[in-house]
Amino acid sequence: MDIFKFGGASVKDADGVKNLANIVRDYKNGELLIVISAMGKITNKLEELTRAYLSQSDEAHAIFDEIKHFHFNIIEELFKGSSNPVYDDVANTFVEIDWLIEDEADNNPDYIYDQIVSIGEVVSTKIVAAWLNETNNKALWVDARNYIQTDNTYREGKVDWDKTNQIIQKDLAPLIAENIIVTQGFIGGTSENYTTTLGREGSDYSAAIFASCLNATALTIWKDVPGVLNADPKWFDETEKIPQLSYHDAIELTYYGATVIHPKTIKPLQNKGIPLFVRSFIQPEGSGTAITKDNNPLPVPSFIFKVNQALISIFPKDYSFIIEENLSNIFELFHQHRIKINTMLNSAISFSVSVDDNEEKIEKLIQALSTQFTVKYNKGLELVTIRYYNQQTIDRVTVDKDILLEVKSRHTCQMVMKNKA
């Protein structure tokens with residue numbers, strides 16, 4: 001049994017859906033479950049709709065109409081006005097949002113976010129499943145919310161692994177022998193049957209959950225790149241594909257911000273020894289990158305850039321040391337405000353961290369920290385992580401930069417920098 005995961009770029013239009021069906025048609029290895037994201041940039045549009053609804057903006061209905069038209073244009077191009085039930089199926093799915101936005105926004109904003117944004121995955125999978133059946137690929141659409149069980153932490157649901165595994169083994173596994181299963185990434189369900197999401201870009205994680213619970217042979221993530229590259233092409237003119245990665249290096253790279261794989265994806269696969277392949281849906285015949293238990297070092301240094309960073313420096317008000325008790329309080333506040341630390345450095349009298357510059361969250365965090373500490377704050381910075389660095393690689397990325405913070409371990413160097421004045 002294999003798990004395939006297709007992201008939004010792979011199904012951004014009718015040609016993308018057709019290409020996905022061709023990849024599935026050429027699959028000859030056995031049972032298959034497919035996890036699919038929302039189409040194109042629809043998650044961004046649904047987030048825009050959520051913000052408009054929460055602010056009771058007049059733009060909400062216009063944004064929603066744009067979302068509906070986008071999907072029905074793809075359906076029309078695929079099915080050419082036939083009587084395929086997908087037209088009504090998708091229309092009925094959109095009714096869930098119609099009902100929601102007719103009322104005033106009087107619920108938890110994170111709960112509302114999950115109920116609206118999750119529709120992107122539901123609709124995309126209905127369209128893909130319909131097209132697979134139209135092209136004689138026997139497919140069965142299933143609702144991931146019935147299988148991936150989470151708590152009520154909206155926007156970042158925590159998976160109940162025992163319950164999820166039990167339901168998938170009992171109810172989903174028997175279906176795979178007869179059909180290609182098509183389901184959603186990114187979404188789960190609570191014990192009260194409310195929809196949750198697993199965190200932005202969480203479809204890779206969904207695929208890993210299904211792979212782990214089904215003891216899959218392999219998970220393949222289909223991307224618009226030939227495999228895992230040693231740097232983002234947005235930042236480097238010349239990049240190299242890495243043919244093989246260890247689980248450990250993959251976890252390190254995703255933790256530090258490599259966007260090709262969601263950070264939570266690797267661990268469930270590592271626990272079961274399930275290989276992960278990153279391959280190109282543009283050139284599906286390519287070998288891609290294999291992520292396995294083989295613990296070979298990377299053949300080339302890897303570079304990860306995170307822009308729009310903020311550097312927060314925290315000092316005791318009484319000039320005492322930064323000790324365990326202080327660090328415990330600091331980490332608790334970061335946890336409460338749901339701010340992820342990208343890198344950190346502590347000295348005797350200071351603790352500095354780099355975080356994504358979410359102005360609203362950071363403002364509240366600094367207010368909370370300032371009751372106990374003196375806090376300084378810089379923004380508009382970039383964080384560069386180099387895995388398997390040397391001085392030449394450091395020199396390559398620090399031209400015309402001032403380094404505000406530098407952290408090195410045996411294999412990894414992280415630098416928070418700004419442009420020289």
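Residues numbered from 1 in each chain as written. Predicted model: local features only at pLDDT ≥ 70, side-chain atom pairs only at ≥ 80, totals over all residues. Heavy atoms only, no water.

An unreviewed UniProt entry lists the protein chain under the name Aspartokinase, with Pedobacter jamesrossensis given as the organism. The UniProt entry for the protein chain carries this comment under Catalytic activity (unreviewed entry): "L-aspartate + ATP = 4-phospho-L-aspartate + ADP". (UniProt positions renumbered as here; feature names shortened; annotations may be inferred.)

Turning next to the sheet that holds strand 10 (residues 289-292). Pairing is mixed in the open sheet, where eight strands are placed in the order 3-4-2-1-7-9-10-8. Because the sheet does not close on itself, it has two edges, and the strands there are strand 3 (139-141) and strand 8 (244-246). Each strand of the sheet is rotated relative to its neighbour by a mean of 20 degrees, with strand direction disregarded. With four bridges connecting them, strand 2 (residues 32-36) and strand 4 (residues 180-184) associate as parallel partners. Note on strand 4: the bridge partner recorded for leucine 33 is isoleucine 181. (Pairing = 2+ DSSP bridges. Helix = DSSP H or I, 4+ residues; strand = E, 2+ residues; numbered from the N terminus. Axes fitted to C-alpha atoms, helices over the stretch in contact; angles between N-to-C directions.)

Within strand 11 (residues 302-316), twelve of the 15 residues are buried, leaving the element largely enclosed by the surrounding structure. Two strands pair when backbone bridges link them, and strand 11 and strand 13 (residues 351-356) are joined in this way by six bridges, in the antiparallel orientation. Each bridged residue has a counterpart across the sheet, and for serine 313 the counterpart in strand 13 is serine 352. (Buried < 20%, exposed > 50% of the residue type's maximum accessible area, 1.4 Å probe, protein only.)

The next thing to look at is helix 5 (residues 109-117). Among the nine residues that make up helix 5, seven are buried, leaving the element largely enclosed by the rest of the structure. When helix 5 is considered as a whole, its buried residues turn out to be Tyr111, Ile112, Tyr113, Asp114, Gln115, Ile116 and Val117. Looking at the buried residues of helix 5, the elements they touch are helix 2 (42-54), helix 4 (86-102), helix 6 (119-134) and strand 6 (195-197). One side-chain oxygen of the residue at the start of helix 5 lies 2.8 Å from the amide nitrogen of aspartate 110, identifying that residue as asparagine 108. (Contact = heavy atoms within 4.5 Å. Polar contact = N/O pair within 3.5 Å; in protein donor to acceptor, adjacent residues only side chain to side chain.)

What follows concerns unusual backbone geometry. For asparagine 215, which is not glycine, the phi dihedral falls at a positive 50 degrees. As for its placement among the helices and strands, asparagine 215 is situated in the loop between helix 8 (203-213) and strand 7 (218-223). By relative accessible area, asparagine 215 is classed as partly exposed at 47%. Despite not being glycine, tyrosine 388 shows a phi value in the positive range, around 60 degrees. For tyrosine 388, a relative accessible area of 19% translates into the label buried.

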